[in-house]
Amino acid sequence: MNNNNQAYNTTALEVLNLNKTFDGIKILDDVSFTLHRNENLAIVGRSGTGKSVLIKCIVNLIEPDSGTINLFGKILTDLNEDELNVARQNIGFLFQGAALYDSMTIEENLLFPLVRNKKDMAVSDRNRLIDHTLESVGLIDFKSKYPSELSGGMQKRAGLARTLVLAPQIILYDEPTTGLDAATSAEISDLIVEVSSKFDTSAIIVSHDINCITKTADRIIVLDKGRVLADDVYAQLINHSSELVRNLLRKK
Ligand SMILES: Nc1ncnc2c1ncn2[C@@H]1O[C@H](COP(=O)(O)OP(=O)(O)O)[C@@H](O)[C@H]1O
Ligand SMILES: [Mg+2]
């Protein structure tokens, strides 16, 4: 949690009445929610309930059938290709596989998005930014290593660094601790909180790791069968009238 007790009075992202059907099955059913600036929002729900589809709609990898996504006051569907590319740079995402390029060193993995998206940046500025970002995720001593030479937790950190280098205002994490042992999961959860305050970002964290959720989330949305079943703080949700909500948030 950011723990700064500030009022979340600015909207970073607003999702309104989002619908998506695959093969005649409604995957997202009228999903609406708001992500405030500097807020860490967790999304929980059973497997196959549309969490990843929702995240992919937000980053425009999946086109919703209807509904609007409003990013810092801009409605994504209203933008042309160039405007959309600019808007997209406000959102970073860390998917389940860290998605690093295996044939590139960690440093080269960070350089790649910079060269592509910040063509005018001076080489010295790029190098400084890469070092600063790797420092922030605790990987500065590993910049010449290849992904295969790093542990799973370190690969996650490197994937996050590659996202952070483009200075997004919102970071989407899809199952950031899945496949990691308990100690490494705790480290990644701490890192998510640290990154939010250091880089002044908002986050959506899709997770079924209750320790990660309680550590990181300021607020929690429970999705079920593509619908928002609950949207509240943890302390309220553990006493929610729905058994599913209580079960999803019970500490194991
Ligand atoms: N590109 C796609 N084409 C068809 N069906 C899909 C596609 N992506 C996801 N689905 C289906 O949508 C449902 C929700 O998937 P997903 O969002 O990945 O669930 P989860 O909540 O576990 O992340 C699943 O039944 C999945 O099979
Ligand atoms: Mg998923």
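Residues numbered from 1 in each chain as written. Chains lettered and ligands numbered in written order. Predicted model: local features only at pLDDT ≥ 70, side-chain atom pairs only at ≥ 80, totals over all residues. Heavy atoms only, no water.

1. What about the overall build of the chain?
Piece 1. When helices and strands are tallied, the chain shows nine helices and ten strands.
Piece 2. Its C-alpha atoms give the chain principal-axis dimensions of roughly 55 × 45 × 40 Å.
Piece 3. Looking at the chain as a whole, 48% of its 252 residues qualify as buried.
Piece 4. On the chain, roughly 12200 Å² of surface is accessible, and the fraction owed to carbon and sulfur atoms is 48%. (Helix = DSSP H or I, 4+ residues; strand = E, 2+ residues; numbered from the N terminus. Buried < 20%, exposed > 50% of the residue type's maximum accessible area, 1.4 Å probe, protein only. Areas by Shrake-Rupley, 256 points an atom, 1.4 Å probe, with all protein chains shown as cover.)

2. What about the site of ligand 1?
Piece 1. Around ligand 1, the surrounding shell consists of Phe22, Ile27, Arg46, Ser47, Gly48, Thr49, Gly50, Lys51, Ser52 and Val53.
Piece 2. At 3.1 Å from an oxygen atom of ligand 1 is found a main-chain nitrogen or oxygen belonging to Gly50.
Piece 3. Burial of ligand 1 by the surrounding chains reaches 58%, relative to a free accessible area of 560 Å².
Piece 4. Among the elements that make up the shell around ligand 1, the one with the highest residue count is helix H1 (residues 51-58) (three residues).
Piece 5. Looking at the shell around ligand 1 residue by residue, the classes come out as three nonpolar, five polar and two charged. (Near = heavy atom within 4 Å. Polar contact = N/O pair within 3.5 Å; in protein donor to acceptor, adjacent residues only side chain to side chain. Nonpolar A, V, L, I, M, F, W, Y, C, P; charged D, E, K, R; others polar.)

3. Structural notes on the environment of Gly152
Piece 1. Relative to the assigned elements, Gly152 resides in helix H5 (residues 152-164).
Piece 2. We classify Gly152 as partly exposed; its relative accessible area is 38%.
Piece 3. C-alpha of Gly152 to C-alpha of Val123: the two residues are 29 residues apart in sequence and 30 Å apart in space.

4. Here's the deal with the domain arrangement of the chain
Interfaces are often sized by the accessible area lost when the parts come together.
Piece 1. As far as domains go, the chain holds domain 1 (10-90 + 169-192 + 199-247) and domain 2 (99-167).
Piece 2. Centre-to-centre separation of domain 1 and domain 2, based on C-alpha positions: 25 Å.
Piece 3. Residue-level contacts link 13 residues of domain 1 with 14 residues of domain 2.
Piece 4. For the pairing of domain 1 and domain 2, the buried interface totals around 1100 Å² over both sides, and the portion due to carbon and sulfur atoms is 64%.
Piece 5. If you sort the residues of domain 1 by the area they bury against domain 2, Gln89, Leu191 and Phe199 come out on top, with a joint share of 52%.
Piece 6. The interface formed by domain 1 and domain 2 includes one salt bridge.
Piece 7. A salt bridge links Glu187 to Arg157; the nearest nitrogen and oxygen atoms lie 3.3 Å apart.
Piece 8. At the junction of domain 1 with domain 2, the criterion picks out four residue pairs in polar contact (both at pLDDT 80 or more). (Domains from an automatic or database assignment. Contact = heavy atoms within 4.5 Å. Buried area = accessible area lost by both parts, 1.4 Å probe. Salt bridge = Lys/Arg side-chain N within 4 Å of Asp/Glu carboxyl O.)

5. So, the packing of H5 against helix H6 (residues 182-198)
Piece 1. Closest axis-to-axis distance for the H5/H6 pair is 10 Å, and the angle between their directions is 15°. The angle between the axes of H5 and H6 places the two elements in the roughly parallel class. When the axes of H5 and H6 are compared, the crossing they make is right-handed. Judged by residue contacts, Gly153, Lys156, Arg157, Leu160 and Leu164 of H5 engage Thr184, Glu187, Ile188, Leu191 and Val195 from H6.
Piece 2. A per-class count over the contact of H5 with H6 returns five nonpolar, two polar and three charged. (Axes fitted to C-alpha atoms, helices over the stretch in contact; angles between N-to-C directions. Parallel < 35°, antiparallel > 145°, perpendicular 65-115°, else oblique. Left-handed = near helix turned anticlockwise from the far one by under 90°.)

6. Looking at the nonpolar core
Note that soluble globular proteins tend to have their nonpolar side chains buried in a common cluster.
Piece 1. Formed by 31 residues in total, the largest nonpolar core has its most connected members in Leu13, Phe33, Leu54, Ile58 and Ile204.
Piece 2. Setting aside residues up to four positions removed in sequence, Phe33 forms contacts with Leu13, Glu14, Val15, Leu41, Ile43, Leu54, Ile58, Ile204, Arg219, Ile221 and Asp231.
Piece 3. Among the nonpolar cores identified, the runner-up in size contains 27 residues, and Ile106, Leu160, Val165 and Cys212 belong to it. (Core = buried A, V, L, I, M, F, W, Y, C linked by side-chain atoms within 4.5 Å.)

7. Concerning H5
Piece 1. Here H5 contains 13 residues, and its C-alpha end-to-end distance of 18 Å stays within 8% of the 18 Å for a straight helix at 1.5 Å per residue.
Piece 2. The buried fraction of H5 amounts to eleven of the 13 residues, a majority that puts the element mostly inside the structure.
Piece 3. Packing partners of the buried residues in H5 comprise strand E6 (91-94), helix H3 (106-117), helix H4 (123-136), strand E7 (170-174) and H6. (Expected span 1.5 Å × (residues − 1).)

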